[in-house]
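# Results of the structural survey
Chain by chain, the residues:
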Amino acid sequence: EAWTEEVFQCAIPLLKEVLSIQEGVRIRDRASYAEKFGFCMGAAVRVFGPARVRSLAPLGLADFSLESLTYEQDARSWWVPILKQGVRRSSLTDFSGFILPLAGRLRAAQKKYSEGPKANLTVAKRYEAIVTQLWGLFPAYCMEPLDMEEALKADGGKLLSQLLAVLFKEPNLRVTVCTGLTFLCRSSPPEDELEEVSPLVAELAKKNRDSLRRLAAKVVPDLFTLSIKIGEVPQDEITSAIAASMQAVLATLKAFAPVCESKVLAGFFDTIVKRMLQSDQAGDLPTVISLSELASALLPFIGDDQLDLAARVFTPLLAGTNAAEKSHRQALQKTAYRAMASLVERPTAKLPINLGTTEKMMAFWGILADARQTCEPGALKQRFKALKCFVHLLEEVGCATAIAPIFATLVPELLLGSRQVGGAVRKGAWNGLQTLAKLCVDSELQMQFATTLCAGLAGLQAPMRAAAVDALARLVYEHKATLSEMLRREISATVFVLAEDTDKQVIKTLLGFLHVLVSVCGDDDLAAVLPTAIGVIGTEAANNFRPLVRKCIDKMLRRVPYDMLKDIWPEEHVPLLNYVQRMQERKARRKFLPKPETFDDLIEEERAEEAEDSEQSVDAESDDDRLVSRKPIKRRVGKKSKREETTTTMITEGEEVLDFRSPGASQSVVSTTKKAKRRKVEATSNLTDGVSVDAAGKIVVDEAPTDDDESADDPDELIPARKALAGLKSIRQMKQDKALRKKGHTITGMKQFKGGKKAKGDAIRKAKMEPFAYVKLKRSLTAEKKKAHSMASFSAVVGKQRKRGKPTRAARHARVKHTSKVKVK
């Protein structure tokens, strides 16, 4: 303490300078450095304590009226968030001696403005908000306080009395007070964890723990009463604030339970159970629900001699007892499954006197299995958590003889749970399956476990079949080192029996299983499995998973030689295999080729790729377009050269050349434009310059170029001008924007109903019923990762908007013009 005071005296000039900057700046200009100022003063509060630092700039929330326009600056209300951020390992006496009296004065001012002749509800609400913020500092002061015992004993225990009064009388502050009490309990670690800390910290923790034992004797009974009072609220009237209060009270009870004496907890548990039975017989279900939640919160801390009583009490609640309303049944089942999970998670559960024997494990599983049919959808999360804990207990106990009889009922339920909508349910189901698979592999029951999973392939529902395939894929992948080759081959042969299934989710899981096989199996096993597995790629449902199909083929080509794959590949899908092989070769070449340094190098590289694509385009035409969307062949479409656009005169008459002086020559002269692409061949001719004979025997006379076509004979003019390297970035950006727009939403009506140059709005066209533009949204673009595709599609609809407040060019011009006129006048 003396060292802290000495260091604080040295830091006073610097702190005063920082505070003078804060008070000298206008309120609207503080936002630019508010975060750094809060961090600086928060560090000072954490080191020197809130009382010392606050003495340099006193907090006067009750010294000024809230009706004043400069209240924030005069009262220094900016201290409140800084204290909430910086107070740690501080003096709890500062809260009871300064913060609570200040909150009391503000509460009196609130009542003054709420009632009487000077009533002002707006100001009263502001006072209430400040009081709530001051009470929000209580959890910060409870984080490892240095004087817990002195603060609780001060003024005859006034602090504890105020806390309990707030819990019962002010519902909006219950969560804050319960959070602070929970932090007080966590500030004193158990005695077995004090060996690794310093002697000073160990002495303080021991001292705080003794204070908590005395505090628990007064707080815990009031918390029980408060929880029962909150639980009496009807289910249809429970709001989010009431539910949060109940959870906070239960969390505080759990925090105080380790420091309470075991006899006190046992007495509380017996009392709760008796009142539960009495309320159940009286039909008071809300009271039963609140009492069951209390009993469930105490289960981890009661003695082993009361576990049988707890099991007998909570077993009827798994069926919802006699509750007629669904909400009551669901609440009771949630509490009962939570209690079952607590019974299994106890460190002493694996002892033989509790659940550590085969007979007791089978009896406990019978309770969970019987409650399966009556489980409400809202209680599935807690049920699968209980199942997960039960499987983990099986692994810890190692009851191999108890595992086999429960396969037929436990595994199908876990498989169906892995396809549930709730993420917590799926996670619990997969965790249970993973633990069960590990236990079976270690206990040499892998064949029986795999057989049970394969039985799910014959399920009547598609989710069951898909879940079975997923589970087998995980089994093959996660236990590839311990799974026998014969079992892996049998699993593969059994799974791909579903290749003829028409359900999309089943085909998707089969493609995933194929990907796993290619990654895990050796060369010999892969050669034996692939002829059967490839049939999945040719199914109709595989059309919906093109990226996954290409990923599987790409993986196969990396593991299996191309010639071997081509021999077993279906003939109708060979072009697809060729295309993926070609893409791999191109990607491999690009790794070793230098990157294009200029625009000309990039153009040459693209032309080489176009030539390669055109050579193999004949094979690609027969490819099954349902399976893969190939990269389109790039064809450069530019402006036609002027030589192509010149008109010619053709004079034909069978195979004979016409005489220009004959009277019928004029009938055979036709002026056309060379639009169609024809194969040109060289033809020798003895005619004069400008006349040639084509392959069909026609004489072609080129007309003389006009003045506009003087550059047509210049070969340099025929080649389009190439852009410099500076334009390469813009070209790539245009290509990316175009690709994004293609993958975005469908925009209809922008061009169909576009008006003329002078028209405004949409134009009515013939055979068009609704001249309105609209955007057809794609459901697949609602994900966050597709945001770029979704927003790029609107670039054609919404133009670039100018910033708010920035005048347009016309407005600026008009303003300058008006200013010049005024000056002239």
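Residues numbered from 1 in each chain as written. Predicted model: local features only at pLDDT ≥ 70, side-chain atom pairs only at ≥ 80, totals over all residues. Heavy atoms only, no water.

### Here we look at the packing of helix α25 (residues 485–495) against helix α27 (residues 523–533)
So the rule is basically this: Only C-alpha atoms enter the line fits that serve as axes; for helices the fit covers just the stretch in contact. Angles between N-to-C directions range over 0 to 180 degrees. Elements are defined by DSSP. Helices are runs of H or I of four residues or more, strands are runs of E of two residues or more, and each kind is numbered from the N terminus. Here the word oblique covers every angle except those under 35 degrees (roughly parallel), over 145 (roughly antiparallel) and from 65 to 115 (roughly perpendicular). Should the near helix be turned counterclockwise from the far one by less than a right angle, the crossing is left-handed, whereas a clockwise turn marks it as right-handed. Should any heavy atoms of two residues lie within 4.5 Å, those residues are considered in contact. As a working rule, the residues Ala, Val, Leu, Ile, Met, Phe, Trp, Tyr, Cys and Pro are called nonpolar, Asp, Glu, Lys and Arg charged, and the rest polar, with Gly in that last group.
Where α25 contacts α27, the axes come no closer than 10 Å and their chain directions differ by 20 degrees. Between α25 and α27, the angle is such that the two are roughly parallel. Where α25 crosses over α27, the handedness of that crossing is right-handed. Residues E485, R488, R489 and S492 of α25 lie in contact with α27, whose contacting residues are D524, D525 and V529. The residue inventory of the contact of α25 with α27, partitioned by class, reads 1 nonpolar, 1 polar and 5 charged.

### Concerning empty space enclosed by the protein
The criterion, for reference: Here a cavity denotes a set of grid points, spaced 1 Å apart and computed over the protein atoms alone, in which a 1.4 Å probe fits but from which it cannot get out, and a pocket denotes an open set meeting protein on both sides within 12 Å along at least five of seven lines; residues with an atom within 4 Å of a point are reported as lining. Grid points are joined across faces, edges and corners, and a volume is the space filled by probe spheres set on the points.
Taken as a whole and assessed by the stated rule, the structure comprises 3 cavities of 30 Å³ or more. One number sums up the size of the largest cavity: a volume of about 80 Å³. Forming the walls of the largest cavity are W430, L433, Q434, A437, F449, L453, A471, R474, L475, E478 and H479. Where the lining of the largest cavity is concerned, the elements lending two or more residues are α22 (423–442), α23 (446–455) and α24 (462–478).

### Here we look at the packing of aromatic side chains
Selection criterion: Two rings belonging to Phe, Tyr or Trp (six-membered ring only in the last case) form a pair when the distance between their centres is within 6.5 Å. Interplanar angles under 30 degrees mark stacking, angles over 60 mark edge-to-face geometry, and anything in between is tilted. Three exposure classes are used, based on accessible area relative to the maximum for each residue type with a 1.4 Å probe and protein chains only: buried under 20%, partly exposed in between, and exposed over 50%. The criterion is that NZ of a Lys, or CZ of an Arg, lies within 6 Å of the ring centre and within 35 degrees of the ring normal, and then a charge sits over that ring.
A complete count under the given rule lists 11 aromatic pairs for this structure. Ring centres of F95 and W135 lie 5.9 Å apart, and the angle between their planes is 70 degrees; on these two criteria the pair is classed as edge-to-face. Of this pair, F95 sits in helix α6 (residues 92–114) while W135 sits in helix α7 (residues 121–135), and the two are 40 residues apart along the sequence. Note on F95: relative accessible area 0%, which makes it buried. When the centroid spacing of 5.6 Å and the interplanar angle of 45 degrees are considered together, the rings of F95 and Y141 count as tilted. Of this pair, F95 sits in helix α6 while Y141 sits in helix α8 (residues 138–141), and the two are 46 residues apart along the sequence. With respect to burial, F95 and Y141 carry one shared label: buried. For R474, the ring lying beneath its charged end belongs to W430, and the centroid distance is 4.0 Å. Here K480 stacks its cationic end above the ring of Y477, 4.9 Å away from the centre of that ring.

### Looking at α24
To keep things clear, this is the line we draw: One fewer than the residue count of a helix, multiplied by 1.5 Å, yields its expected span.
In this model α24 runs 24 Å from its N-terminal to its C-terminal C-alpha over 17 residues, within 8% of the 24 Å that 1.5 Å per residue would give. Of all 17 residues in α24, 12 are buried, a share of seventy percent or more. Buried residues of α24: A462, M464, R465, A466, A467, A468, V469, A471, L472, A473, L475 and V476, and no others. For α24, the secondary structure elements touched by its buried residues are α21 (407–417), α22, α23, α25 and α26 (504–520).

### Description of the layout of surface pockets
Of the pockets and cavities examined, the second largest pocket occupies roughly 800 Å³. In this structure, the second largest pocket is lined by 29 residues; those nearest its centre are R89, S90, E144, L146 and L204. Listing elements by their share of the lining of the second largest pocket, those giving two or more residues are α2 (34–48), α3 (50–56) and α12 (199–231). Looking at the lining of the second largest pocket, its residues break down into 14 nonpolar, 6 polar and 9 charged.

### As for the side chain of R346
How we decide: Polar contacts here mean pairs of N or O atoms no more than 3.5 Å apart (in protein, one a potential hydrogen donor and the other a potential acceptor; neighbouring residues in sequence count only if both atoms are side-chain atoms).
Of note, R346 is situated in the loop between α17 (326–345) and α18 (358–370). Among the polar contacts listed, one links the side chain of R346 to the side chain of D304, at a separation of 2.7 Å. Contact partners of R346, with chain neighbours within four places excluded, come to L299, P300, F301, I302, G303, D304 and L307.

### Some remarks on the packing of α17 against helix α19 (residues 380–397)
Contact geometry of α17 with α19 gives a least axis separation of 8 Å together with a crossing angle of 15 degrees. Put simply, α17 runs roughly parallel to α19. In this structure, the crossing between α17 and α19 has a hand that is left-handed. Counted together, K334, Y337, R338, A341, V344 and E345 of α17 and Q382, R383, K385, A386, C389, F390 and L393 of α19 form the full contact between these two elements.

### Structural notes on unusual backbone geometry
Notably, R76 is not glycine yet its phi reads approximately 55 degrees, a positive angle. The topology assignment puts R76 in the loop between α4 (71–75) and α5 (79–86). Notably, R89 is not glycine yet its phi reads approximately 50 degrees, a positive angle. The exposure class assigned to R89 is exposed, which follows from its relative accessible area of 55%.

### Focus on the pattern of salt bridges
Here is the rule we go by: The working definition used for a salt bridge is a side-chain nitrogen of Lys or Arg within 4 Å of a carboxyl oxygen of Asp or Glu.
Counted according to the given criterion, the structure contains 16 salt bridges. A salt bridge links E150 to K207; the nearest nitrogen and oxygen atoms lie 3.3 Å apart. With a gap of 57 residues between them, E150 in helix α9 (residues 148–153) and K207 in helix α12 connect regions that are remote in the sequence. Of the charged contacts, one joins R465 and D501 as a salt bridge, the two residues approaching to 2.9 Å between their closest N and O atoms. Placement of the pair is R465 in helix α24 and D501 in the loop between α25 and α26, with a sequence separation of 36 residues. Of the two residues, R465 and D501, both sit in the buried class. Through salt bridges with shared partners, one network takes in E149, K153 and R214.

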